[in-house]
Amino acid sequence: MLAVFAPQAGKPERSEFTQRRDRRNPNAGSTNAEKRRGKPFLMRRHSRRAAAGRSRSFREKQVALRDALLKKKKQLRK
């Protein structure tokens, strides 16, 4: 029985390999990326597939581009 545990005696602790992620503010909430990491993969895959299926029309893209350019123009004037 002692021979089975002998190789583990010289092994480094698992904590040496893991990264500890401390927050600046421990009371702060989690980011959307952190929430995604915790979700089941099938849930994420479904939402990505659903989002890819509904593409914007040419008119919607045109309006979005115009609004983005106007917004950028306003920011440059300030």
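Residues numbered from 1 in each chain as written. Predicted model: local features only at pLDDT ≥ 70, side-chain atom pairs only at ≥ 80, totals over all residues. Heavy atoms only, no water.

1. Comments concerning the overall build of the chain
Along the backbone of the chain there are four helices and zero strands. When the helices and strands of the chain are placed in sequence order, the string is α-α-α-α. The buried share of the chain, taken over its 78 residues, is 0%. In the form shown here, the chain has an accessible surface area of approximately 8,400 Å², with 54% of it arising from carbon and sulfur atoms. (Helix = DSSP H or I, 4+ residues; strand = E, 2+ residues; numbered from the N terminus. Buried < 20%, exposed > 50% of the residue type's maximum accessible area, 1.4 Å probe, protein only. Areas by Shrake-Rupley, 256 points an atom, 1.4 Å probe, with all protein chains shown as cover.)

2. Describing helix 4 (residues 58-77)
An α-helical turn contains 3.6 residues, so a residue and the one three or four places further along point in the same direction. Taking 1.5 Å of rise per residue, 20 residues should cover 28 Å, and helix 4 covers 29 Å from first to last C-alpha, within 8% of that figure. The element helix 4 is largely exposed, with a buried count of zero among its 20 residues. (Expected span 1.5 Å × (residues − 1).)

3. Quick look at a positive patch on the surface
On the surface, Lys73, Lys74, Arg77 and Lys78 cluster together to form a positively charged patch. Lys73 gets classed as exposed once you look at its relative accessible area, which sits at 51%. (Patch = residues over 30% accessible without salt bridge, like charges linked within 9 Å, V, L, I, M, F, W, Y side chains within 5 Å. Salt bridge = Lys/Arg side-chain N within 4 Å of Asp/Glu carboxyl O. Lys, Arg positive; Asp, Glu negative; His and termini not counted. Charge placed at Lys NZ, Arg CZ, Asp CG, Glu CD.)

4. Describing the confidence of the model for the chain
Model confidence for the chain is summarised by a mean pLDDT of 78, while 79% of its residues fall at 70 or above. Per-residue pLDDT, averaged within each element of the chain, yields its smallest value for helix 1 (residues 2-9) (61) and its largest for helix 4 (93). (pLDDT = per-residue confidence, 0-100.)

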